[in-house]
Amino acid sequence: MSGSRQPRAVVIGAGVFGSWTAEHLRRAGWRVLLVDRLGAANAQASSGGESRLTRANYGPDEIYTRMALRSLAEWKRLSDASALPLFHSHGVLFFFNELVEYARACIDVHERLALPLEVLDHAALAARWPQIDFSGIEVGLYEAAFGGLMARRAVQELVRGFVNRGGEYRLAFAVPGSTGHEVLLNGEQVSCDAVVYACGPWLGKVFPDILGERIFVTRQEVAFIAPPEGDSRFEPEALPGWADFNGGDMYYGLPNLEGRGFKIAHDAHGPAFDPDSGDRRMSEEGMTTLRAFVARRFPSLAARPFTEFRVCQYENSSNGDFLIDRHPTLEGAYLLGGGSGHGFKHGPEIGRAMAELVVNGTVPDTRFALAAKEAIHNRTVV
Ligand SMILES: Cc1cc2nc3c(=O)[nH]c(=O)nc-3n(C[C@H](O)[C@H](O)[C@H](O)COP(=O)(O)OP(=O)(O)OC[C@H]3O[C@@H](n4cnc5c(N)ncnc54)[C@H](O)[C@@H]3O)c2cc1C
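Undergrad: Would you mind showing me how to read the sheet that holds strand S3 (residues 51-54) here?
TA: In a beta sheet, neighbouring strands pair by backbone hydrogen bonds and run either parallel or antiparallel. Pairing is antiparallel across the open sheet formed by three strands, whose spatial order is S3-S8-S4. Two strands lie at the open edges of the sheet, namely S3 and strand S4 (87-88), each paired on one side alone. As defined by bridge partners, S4 adjoins strand S8 (residues 147-150) across two bridges and the pair is classed as antiparallel. Residue histidine 88 lies in a different strand from S8, and its bridge partner there is glycine 148. The strands that helix H5 (residues 151-164) touches are S3 and S8; relative to S8, the one it contacts most, it runs at about 55°.

Undergrad: Whenever I open this one, the site of the ligand confuses me. Can you help?
TA: Taken together, 34 residues surround the ligand, and among them Asp36, Ser46, Ser47, Leu53 and Lys345 come closest. Contact distances for the ligand include 3.1 Å between an oxygen atom and a backbone N or O atom of phenylalanine 17. Residue histidine 342 places a main-chain N or O atom 3.1 Å away from an oxygen atom belonging to the ligand. Listing elements by their share of the shell around the ligand, those giving two or more residues are helix H1 (16-27), S3 and strand S18 (306-316). Sorting elements by how many residues they give to the shell around the ligand places S18 first, with four residues.

Undergrad: What's the story with the pairing of strand S19 (residues 323-326) in this structure? I'm lost.
TA: As judged from the four bridges shared by S19 and strand S20 (residues 333-337), these two strands associate in the antiparallel manner. Residue pairing in the sheet places leucine 323 in a bridge with glycine 337 of S20. Here S19 folds back onto S20, and the loop between the two strands holds six residues, one of which, glycine 332, carries a positive phi near 100°.

Undergrad: Whenever I open this one, the packing of helix H2 (residues 62-80) against helix H9 (residues 347-360) confuses me. Can you help?
TA: A packed helix pair is summarised by two numbers, namely the angle formed by the two axes and the spacing between the axes. Between H2 and H9, whose axes approach to 7 Å, the crossing angle comes to 100°. Taken as axis vectors, H2 and H9 run roughly perpendicular relative to one another. Across from Met67, Arg70, Ser71, Glu74 and Trp75 in H2, the residues of H9 making contact are Gly347, Pro348, Glu349, Ile350 and Arg352.

Undergrad: Teacher, can you tell me more about the sheet that holds strand S12 (residues 188-191) here?
TA: Taken together, three strands build an open sheet; the order of strands is S10-S11-S12 and the sheet is antiparallel. Looking at strand neighbours, the two that pair on one side only are strand S10 (174-176) and S12, the edges of this open sheet. If you compare each strand with its neighbour and ignore which way they point, the axes differ by 30° on average. Bridge analysis of strand S11 (residues 182-185) against S12 gives four bridges, and the strand direction is antiparallel. Paired with leucine 184 across the bridge in S12 is glutamine 189.

Undergrad: I'm lost on the packing of H1 against H9 in this one. Help?
TA: Running from N to C, H1 and H9 point in directions that differ by 50°, and their axes come no closer than 7 Å. With respect to their mutual orientation, H1 and H9 come out oblique. H1 and H9 meet at a crossing whose hand is right-handed. Seen from H1, the contacting residues are Val16, Phe17, Trp20, Thr21, His24 and Leu25; seen from H9, they are Gly347, Pro348, Ile350, Gly351, Arg352, Met354, Ala355, Val358 and Val359. Here the contact of H1 with H9 is built from residues that sort into ten nonpolar, four polar and one charged.

Undergrad: Help me understand the pattern of salt bridges in this model?
TA: Proximity of charged atoms lets side chains of opposite charge pair with each other. With the rule as written, the count across this model stands at 29 salt bridges. Arginine 26 is paired through a salt bridge with glutamate 23; the nearest N and O atoms lie 3.0 Å apart. Taken together, the positions of arginine 26 and glutamate 23, both in helix H1 and three residues apart, correspond to about one turn of that helix. Glutamate 23 matches arginine 26 in its accessibility class, with the two residues each being buried. Two residues, glutamate 23 and arginine 165, come together in a salt bridge whose shortest N-O distance is 3.5 Å. With glutamate 23 in helix H1 and arginine 165 in the loop between H5 and strand S9 (168-171), this pair connects stretches of sequence that are 142 residues apart. Within the structure, one salt-bridge network assembled from shared partners comprises Glu23, Arg26, Arg27, Glu74, Arg77 and Arg165.

Undergrad: Explain the packing of aromatic side chains to me, please; I cannot follow it from the model alone.
TA: Centre-to-centre distance and the angle between the planes together describe a pair of aromatic rings. Counted under the stated rule, the structure contains 22 aromatic pairs. Where tryptophan 75 meets phenylalanine 344, the ring centres are 5.3 Å apart and the plane angle is 10°; that geometry is what we call stacked. Of this pair, tryptophan 75 sits in helix H2 while phenylalanine 344 sits in the loop between S20 and H9; the two residues are 269 residues apart in sequence, bridging distant segments of the chain. Classification of tryptophan 75 as buried rests on a relative accessible area of 0%. Linked through ring pairs, Phe95, Phe134, Phe234, Trp242, Tyr251, Phe262, Phe293 and Phe298 together constitute an aromatic cluster. Its end group placed over the ring of phenylalanine 306, arginine 291 keeps NZ or CZ at 4.4 Å from the ring centre.

Undergrad: When you look at the environment of leucine 33 in this model, what are you seeing that I'm missing?
TA: Along the chain, leucine 33 falls in strand S2 (residues 31-36). Sequence separation between leucine 33 and leucine 86 is 53 residues; the distance between their C-alpha atoms is 24 Å. Look past the residues within four positions of leucine 33 in its chain and what remains in contact with it is Arg8, Ala9, Val10, Val11, Glu168, Tyr169, Arg170 and Leu185.

The rules we used
- Residues numbered from 1 in each chain as written.
- Predicted model: local features only at pLDDT ≥ 70, side-chain atom pairs only at ≥ 80, totals over all residues.
- Heavy atoms only, no water.
- Pairing = 2+ DSSP bridges.
- Helix = DSSP H or I, 4+ residues; strand = E, 2+ residues; numbered from the N terminus.
- Contact = heavy atoms within 4.5 Å.
- Axes fitted to C-alpha atoms, helices over the stretch in contact; angles between N-to-C directions.
- Near = heavy atom within 4 Å.
- Polar contact = N/O pair within 3.5 Å; in protein donor to acceptor, adjacent residues only side chain to side chain.
- Parallel < 35°, antiparallel > 145°, perpendicular 65-115°, else oblique.
- Left-handed = near helix turned anticlockwise from the far one by under 90°.
- Nonpolar A, V, L, I, M, F, W, Y, C, P; charged D, E, K, R; others polar.
- Salt bridge = Lys/Arg side-chain N within 4 Å of Asp/Glu carboxyl O.
- Buried < 20%, exposed > 50% of the residue type's maximum accessible area, 1.4 Å probe, protein only.
- Phe/Tyr/Trp six-rings, centres within 6.5 Å; stacked < 30°, edge-to-face > 60°.
- Lys NZ or Arg CZ within 6 Å of the ring centre and 35° of its normal.

What follows is the structure, encoded as structure tokens:
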């Protein structure tokens, strides 16, 4: 960068991470080109789903509580400015068989940060949400201020606003250049001050030597179920987003947002998955597992039909911490990813952290460093 010349960045990947990075770089006064090979929040991207939970309960990982909180303010601003809602404030309920360490840590962090959190016992849970069978559940943690984000719509709206405010967006396939200040877009060389690679589950393919062994892409199945006709108990006014910790084998879901159905997923990491060629049809086994869970916890949905399925992927780092760092050898190139099944809600803060690294050299928390990413898949962040 020299004199008053406007610095230029290219951001590869218009998922939630890349789009927020592009927006923050634009806000910092940079000229920004955002690129995606298939489109913002496309069907194969991790950000391409219908909805995502946002919550501040993160057990002992206070850093994510703070990030979720700051990000929520950005999401709300974006939602308020959008013609259709991007955020539904139906609250989020976590429930546990007993007051496990994780739940205790959530309470501690909320107390320390003076954040609202309702702690409910079995009787209170059963009285408040009778559509859930809380058998075997002793503790619930309810965050009223959080809820659901309309994922695909939110990213596309963000990109639309970014372009309206002077950002540039292009559909192209990117290949890293021979230096960090060059990138090939559909074979054409583009020069700039910085290139951010926010390629989600493809990051390991773009940089196989560095990340091939450090980003573990897993197959994840999601289903939607039609609520009973004329029954409002599964609408966002009556049912929060929820996660049943289920003795460490978590299931989670969202209410019937915008009539798309009651969403449910098993949070266990699935088998290794190729985001280009992987089979995106729901498995029989997955359907059976979800049916059995629904019959137990949401008995009035037991016989209701599945309305939709999605197979997506988590791009897991070794422990679930994100990757926000410089490329180790290509000066001017940056690596952003490792969403690990919980990154969506943090998009605004992740984008801000990456933009600050690019613009000011401000290094984010060491948890997000490439050096902290191991070749062993051992999730600890939940
Ligand atoms: C089933 C499921 C449920 C989830 N639930 C939640 C939740 O409830 N709450 C939450 O916070 N998070 C959740 N997540 C996680 C969250 O969705 C991801 O962490 C987040 O979307 C990752 O975004 P990303 O921008 O890193 O990746 P992506 O959205 O995959 O974006 C990467 C983009 O890069 C583009 N790209 C890749 N390579 C190239 C190239 N060479 N040239 C040009 N473009 C390229 C791709 O086309 C893609 O659009 C969930 C994820 C899944 C799969």
